[in-house]
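Here's the letter readout for the chains.
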Amino acid sequence: MIIDIITIFPEMFDGILNNSIIKRAIEKEVVKVNVLNFRDFSKNKHNKVDDTTYGGGAGMLIALPAIVDCLKSIKDYDKAYKVITNPIGTVYNQSKAKELSLKDHLIIICGHYEGIDDRIENYVDEEISIGDYVLTGGEIASLAIIDSVIRLLPDAITKESIEDESFSNGLLEYPQYTKPSVYDGYVVPEVLINGDHSKIESFRLFESLKRTYLRRSDMLEKRDFTQEEKYMLDCIKLNMTFDDTLEYIKEQKKKAKKAKRTCIKK
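Position numbers for residues start from 1 in each chain and track the written sequence from start to end. Only residues with pLDDT of at least 70 get local features here, since the model is predicted, and only at 80 or more are side-chain atom pairs given and counted; chain-wide, interface and lining totals rely on the full set of residues. The side-chain figures draw on all heavy atoms in the structure; neither hydrogens nor water molecules are used.

Chemist: Would you take a moment to explain the overall build of the protein for this structure?
Modeler: Across its full length, the protein holds nine helices and nine strands. Computed over C-alpha atoms, the radius of gyration of the protein comes to 25 Å, more than 25% over the 18 Å expected from 2.2 N^0.38 for 266 residues, which places it beyond the range of a compact globule. Counting only C-alpha atoms, the protein reaches 85 × 45 × 35 Å along its principal axes. Per-residue burial for the protein yields a buried fraction of 39% across its 266 residues. Per-residue and other accessible areas follow the Shrake-Rupley method at a 1.4 Å probe size, with only the shown protein chains counted as cover for residues. A total of about 16,600 Å² of accessible surface is found on the protein, and carbon and sulfur atoms cover 49% of it. Averaged over its 39 positive side-chain charges, the protein has a centre that lies 8 Å from the centre of its 44 negative ones. Numbering goes from the N terminus for both helices and strands, where a helix is a DSSP run of H or I of at least four residues and a strand is a run of E of at least two. Based on C-alpha atoms, the radius of gyration is set beside the globule rule, defined as 2.2 Å times the residue count to the power 0.38. Exposure categories follow from relative accessible area, calculated using a 1.4 Å probe and restricted to protein chains: below 20% of the type maximum is buried, above 50% is exposed, and the middle band is partly exposed. In this tally Asp and Glu are treated as negative and Lys and Arg as positive; neither His nor the chain ends contributes. A charged residue contributes its charge at one atom only: NZ of Lys, CZ of Arg, CG of Asp or CD of Glu.

Chemist: What am I meant to see in the state of the cysteines here?
Modeler: The bond known as a disulfide is covalent and runs between the sulfur atoms of two cysteines. Criterion for a disulfide: a pair of cysteine sulfur atoms within 2.5 Å. Enumeration according to the criterion identifies zero disulfides in this entry. Here Cys 110 is not disulfide-linked; the sulfur of Cys 70 is the nearest cysteine sulfur, at 10 Å.

Chemist: Hey, could you run me through the nonpolar core in this one?
Modeler: Note on soluble globular proteins: their nonpolar side chains tend to be buried together. The criterion is simple. A nonpolar core is a set of buried Ala, Val, Leu, Ile, Met, Phe, Trp, Tyr and Cys residues joined through side-chain atoms within 4.5 Å. One finds Ile 3, Leu 100 and Ile 150 to be the most contacted residues of the largest nonpolar core, which totals 26 residues. Sorting the residues of this core by element identifies β1 (2-7), α2 (20-27), β5 (81-91), α4 (94-101), β6 (105-109) and α5 (139-150) as the ones contributing at least two each. Sorting elements by how many residues they give to this core places α5 first, with five residues. Setting aside its immediate chain neighbours within four residues, Ile 150 contacts Ile 3, Ile 22, Ala 25, Val 31, Val 33 and Ala 156. Formed by 20 residues, the second largest nonpolar core is a distinct cluster that contains Ile 62, Ala 66, Ile 67 and Ile 84. By the convention used here, residues are in contact when the closest approach between their heavy atoms is within 4.5 Å.

Chemist: Explanation requested: the pattern of salt bridges in the structure shown.
Modeler: It is possible for side chains of opposite charge to pair when their charged atoms get near one another. When a carboxyl oxygen of Asp or Glu is within 4 Å of a side-chain nitrogen of Lys or Arg, the pair counts as a salt bridge. Under the counting rule described, the total for this entry stands at 10 salt bridges. With a shortest N-O distance of 3.9 Å, Lys 82 and Asp 125 are connected by a salt bridge. In this pair, Lys 82 is assigned in strand β5 and Asp 125 in the loop between β6 and β7 (126-129), connecting sequence segments 43 residues apart. Judged by relative accessible area, Lys 82 falls into the buried class, the value being 7%. Across the salt bridge formed by Arg 151 and Asp 147, the nearest N and O atoms sit 3.9 Å from each other. Relative accessible area serves as the criterion here: at 31%, Asp 147 is assigned to the partly exposed category.

Chemist: Quick question: what am I supposed to make of the environment of Gln 227 here?
Modeler: When you line up the elements, Gln 227 lands in helix α8 (residues 227-237). Residue Gln 227 is classed as partly exposed on the basis of its relative accessible area, which comes to 42%. With 22 residues separating them in the primary sequence, Gln 227 and Ile 249 have C-alpha atoms 9.5 Å apart.

Chemist: Would you explain a nonpolar patch on the surface in this entry?
Modeler: On the surface, a nonpolar cluster with roughly 360 Å² of combined accessible area is contributed by Met 12, Tyr 133, Leu 135 and Ile 140. Among the secondary structure elements, Tyr 133 is positioned in the loop between β7 and α5. Put simply, a patch holds well-exposed residues, over 30% relative accessible area, that have no salt bridge, with like charges counted together within 9 Å and Val, Leu, Ile, Met, Phe, Trp or Tyr side chains within 5 Å.

Chemist: Mind showing me how you'd approach the packing of aromatic side chains here?
Modeler: The description of an aromatic ring pair rests on the distance of the ring centres and on the angle between the ring planes. In this analysis, rings of Phe, Tyr and Trp, with Trp reduced to its six-membered ring, are considered paired at centre separations within 6.5 Å, and the interplanar angle assigns stacked below 30 degrees, edge-to-face beyond 60, and tilted for intermediate values. Applying the stated criterion across every chain yields a total of three aromatic pairs. Ring geometry for Phe 206 versus Phe 242: centroids 5.6 Å apart, planes at 55°, classification tilted. Within this pair, whereas Phe 206 is found in helix α7 (residues 197-215), its partner Phe 242 is found in helix α9 (residues 242-265), the two being separated by 36 residues in sequence. For Phe 206, a relative accessible area of 2% gives the class buried.

Chemist: I would appreciate a short explanation of the sheet that holds strand β2 (residues 32-37) in the present structure.
Modeler: Sheets are built from strands paired through backbone hydrogen bonds, the pairs being either parallel or antiparallel. Reading across the sheet, the five strands line up as β2-β1-β6-β5-β7 and stay open at both edges, with parallel pairing between neighbours. Lying at the two open borders of the sheet, with one neighbouring strand each, are β2 and β7. When the angles between neighbouring strand axes are averaged without regard to direction, this sheet yields 30°. For two strands to be treated as a pair, DSSP must find at least two bridges joining them. Here β1 runs beside β6; their pairing, made up of five bridges, is parallel. In the strand pairing of β6, Asp 4 is matched with Ile 107. A fitted line through C-alpha atoms represents every axis, and for helices the fit uses only the stretch in contact; the resulting angles, taken between N-to-C directions, go from 0 to 180 degrees.

Chemist: How do you make sense of the packing of α4 against α5 when you look at a structure like this?
Modeler: The geometry of a pair of packed helices is captured by two quantities: the angle between their axes and the separation between those axes. In the contact formed by α4 and α5, the axes pass within 8 Å of each other and the chain directions differ by 70°. Put simply, α4 runs roughly perpendicular to α5. Between α4 and α5 lies a crossing whose hand is right-handed. Residues Ala 97, Leu 100 and Ser 101 of α4 touch α5, and the partners they reach there are Ile 145, Ser 148 and Val 149. Taken together, the residues that form the contact of α4 with α5 break down as four nonpolar, two polar and no charged. Convention used here: angles under 35 degrees read as roughly parallel, angles over 145 as roughly antiparallel, angles from 65 to 115 as roughly perpendicular, and any remaining angle as oblique. A clockwise turn of the near helix away from the far one marks a right-handed crossing, whereas an anticlockwise turn of less than a right angle marks a left-handed crossing. Here the nonpolar group is Ala, Val, Leu, Ile, Met, Phe, Trp, Tyr, Cys and Pro; Asp, Glu, Lys and Arg are the charged ones; every other residue, Gly included, is treated as polar.

Chemist: Which parts of the structure should I look at to understand the pairing of β5?
Modeler: Sheet topology places β5 next to β6; four bridges connect them, and they run parallel. Looking at the pairing, Val 83 lines up with Ile 108 of β6. By the criterion used throughout, a crossover qualifies as right-handed when its path from the first strand across the helix to the second strand runs clockwise, the strands pointing away from the viewer. Once the chain exits β5 it traverses α4 before rejoining the sheet at β6, and the crossover so formed is right-handed. Relative to β7, β5 runs parallel, the two being bridged by five bridges. When the bridges of β7 are listed, Val 83 appears paired with Glu 126.

In structure tokens:
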């Protein structure tokens, strides 16, 4: 994958591109990332890239010439998927990250100041917002997009790590713990220590459902629940413990099995 970033502050990308997962992905040639300063394409003798707004208004607006010339300097830019960070755009989420990770070539344009001449819409495929709040510029938003997209690329990180993360399976991630098992009076749940992998799997599902129900219930509205998940959610709503939930599920399965046998006899 190739990612080109068009910005006026290229130095803001040094940290994220030279650390951790993204750095390793670049080194393994999973992705190639280019950062372009569109100020370099300014034809103004002072390298200005902004100007006053028609109709009046506070602040300056990014003018089109330098930013479009920068865009057109990118090889095969016309074939690339082009996005611009903009608070009026589509709200970004994990589903959009997955969609963008399937692109061969992604170009991200970062706005700044009071915005960019609105005619920039004619040069991009999509506008993306990372939330309902205002930032000084689009660089932070583009960093979030870059990080979330690259980690989904094949060989960037292990498939198992991605599958267990929040939002990847439509639920918030379950709580995780490490040594020591007791710290300052806080204890790791016994189920995670006893080595019963089937029970651990059930516990993690229970905790994911619980977290999602309590913190992001909106995520459950369109979920296609399994029967076991339905049982668990009923218990969570009644504030039942994990162990009591397992007993409840066991009883419900027994009743369902008995009812099935009765139907077969009839």
